[in-house]
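Structural description and commentary
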Amino acid sequence: MRGCYRCSGTVGVPCSERYETGEAVVQQADRMQAVAVTPGRAGSARLVEVPQPAAPGPGEALVRVLQAGVCGTDVEITGGLYGAAPAGDDFLILGHESFGVVEDVGPDVHDLAPGDYVAAMVRHPDDCPNCRRGEWDMCIKGDYRERGIRGLHGFMRPYYVERTSHLVLVPAARRTLGVLMEPLSIVEKGLAQIARIQDRMHWEPTTAVVLGAGPIGLLATAVFRVSGYRTFTVARTPRPNSRADLVEQMGAVYLSTQETPVSELGRALGQIDVILEATGNGAVAFEAVHSLGTNGILCLTSVTPGDRRVEVPADTVNMRLVLGNMAVFGAVNANRSHFEQGVRHLEMFEQLWPGVIARLITHRFPLADFAAALEQQQDRESIKVVLDLAG
Ligand code: BGC
């Protein structure tokens, strides 16, 4: 038979991924299991059987997945709130946080070799001016696709084929941290944008506040610390707790909102130059404005597909923003430069705090236990839950 599992033998029907074309299936009869959902349908997460990828083509690598991270976005996709299947498919393979090892490379590949450890970038560009220059995280047209989220199958499967332009080399010495590269890239993008935006004036920031002590919040804490900020990480749970321990091991201060509400942080800490919001709660941004210092900047990173509503003291918020020359902006996704900065920071983290960042990975599950992993990610005790395919 010629044709892929989706186009049922019809030669020439374009598939969502090159390796799903007819030729590929003829060469690779073997199938593998993947975690998939029907986007828009809550509770549809399941194991599906898909073909093993074919040999990589020019400019591509075949990657064996070692770990796939679970994050809030995966929980929202499995809850039917977010996500889109690849064109023509009625399912989406989940997973946008990945770490793996190159098994094979296609012709003309010189930047990676079998045995290299890699993390994959999430977003694939469209043809807009920003995407064309590699800034797909700033896509203006909106026709981008994202692995495991929107229009492209993700990494919760044993193998994938990807263009090497979308893979980032992770040093072998950092392989225990590789699955954190994607959330770290989100933080790096936020900080890179803060630096660019604050170029609007002479700026000597000293104090950063991170709202949220999940993986993004803790990685942001680490990046602010290595960047020399006096850093305060704020979360709900009072001390002592394991997140507070991690924050303190990085030389930052942990504060609980039960003692200091977000809107009171400015009064408690004095001038706050930067706030990075990573709580997953869209309402927190409006409270944070009350604590931002003069000329300060508030970076929002939470993707919040819910419909939470709050009453906002609009004039007060507006007045603070205007009289304080403040900037509030959103940051999503990341491009190659942010992943590469993340690799450099992983090295610094390990030198400064050996073994600390690895403690962000609190739970590991085999691929087949994906349901338990998704559940565990919603547990307050979990920081980063990963599917471990390394066996
Ligand atoms: C991912 C980003 C992605 C965003 C929006 C986040 O969870 O980390 O890479 O761009 O969701 O889909």
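Residues numbered from 1 in each chain as written. Predicted model: local features only at pLDDT ≥ 70, side-chain atom pairs only at ≥ 80, totals over all residues. Heavy atoms only, no water.

Things to note about the overall build of the protein
Stated formally: Secondary structure is summarised from DSSP: a helix means a run of H or I of at least four residues, a strand means a run of E of at least two, and numbering begins at the N terminus for each. Both definitions apply: the radius of gyration is a C-alpha atom measure, and the globule rule equals 2.2 Å times residues to the power 0.38. Buried, partly exposed and exposed residues are distinguished by accessible area as a fraction of the type maximum, computed with a 1.4 Å probe on protein chains only: under 20%, between the cut-offs, and over 50%, respectively. Here the open area of atoms and residues is found with the Shrake-Rupley method and a 1.4 Å probe, where only the protein chains shown may cover a residue. Under this rule, positive means Lys or Arg and negative means Asp or Glu; His and the chain ends count for nothing. Taken as the charge location is NZ of Lys, CZ of Arg, CG of Asp or CD of Glu.
A count of helices and strands for the protein gives eleven helices and 19 strands. At 21 Å, the protein has a C-alpha radius of gyration in line with the 21 Å of a compact globule built from 391 residues. Reported as C-alpha extents along the three principal axes, the dimensions of the protein are approximately 70 × 40 × 40 Å. Across the 391 residues of the protein, 53% fall into the buried class. Counting every atom, the protein has about 16700 Å² of accessible surface; 50% of that belongs to carbon and sulfur. Placing the 36 positive and 45 negative side-chain charges of the protein at their respective mean positions leaves the two points 2 Å apart.

Brief notes about the domain arrangement of the protein
Here is the rule: For each domain, the first and last residues come from an automatic or database assignment. By convention, the term buried area covers the 1.4 Å-probe accessible surface removed from two parts as they join, with the contributions of both added. The salt bridge definition used is simple: a Lys or Arg side-chain nitrogen within 4 Å of an Asp or Glu carboxyl oxygen. Counted as a polar contact is a pair of N or O atoms within 3.5 Å, where, for protein atoms, one must be capable of donating a hydrogen and the other of accepting one, and residues adjacent in sequence contribute only when both atoms are in side chains. Gly is placed with the polar residues, together with every amino acid not listed as nonpolar (Ala, Val, Leu, Ile, Met, Phe, Trp, Tyr, Cys and Pro) or charged (Asp, Glu, Lys and Arg).
Partitioning the protein into structural domains gives domain 1 (31-169 + 358-388) and domain 2 (184-330). Centre-to-centre, using C-alpha coordinates, domain 1 lies 28 Å away from domain 2. Overall, the association of domain 1 and domain 2 removes approximately 1300 Å² of surface from exposure, summing both partners, and the carbon and sulfur fraction of that is 55%. Counting the contacts that link domain 1 with domain 2 gives two salt bridges. Across the salt bridge formed by arginine 196 and glutamate 135, the nearest N and O atoms sit 3.7 Å from each other. Viewed at the interface, domain 2 and domain 1 are joined by four residue pairs in polar contact (both at pLDDT 80 or more). Looking at the side of domain 1 that touches domain 2 residue by residue, the class counts come to five nonpolar, one polar and seven charged.

Some details on the site of the ligand
The test is simple: Residues are counted as near a molecule or strand when any one of their heavy atoms sits within 4 Å of it.
Around the ligand, the neighbouring residues are Thr73, Tyr82, His96, Val122, Arg123, Glu146, Ile149, Glu182, Ile186, Val332 and Asn333. Histidine 96 places a polar side-chain atom, nitrogen or oxygen, 3.5 Å from an oxygen atom of the ligand. At 2.8 Å, a side-chain N or O of glutamate 182 approaches an oxygen atom of the ligand. Alone, the ligand offers 310 Å² of accessible surface; in the complex the protein occludes 92% of this.

A word on the pairing of strand 19 (residues 384-388)
The side chains of a regular strand alternate, first on one face of the sheet and then on the other. Heads up, the condition is: Any two strands with at least two DSSP bridges between them are considered paired.
Most of strand 19 sits out of view: four of its five residues are buried. Here strand 3 (residues 60-70) runs beside strand 19; their pairing, made up of four bridges, is antiparallel. Considered in strand 19, the bridge of glycine 69 is made with valine 386. Across four bridges, the pairing between strand 18 (residues 361-365) and strand 19 is parallel.

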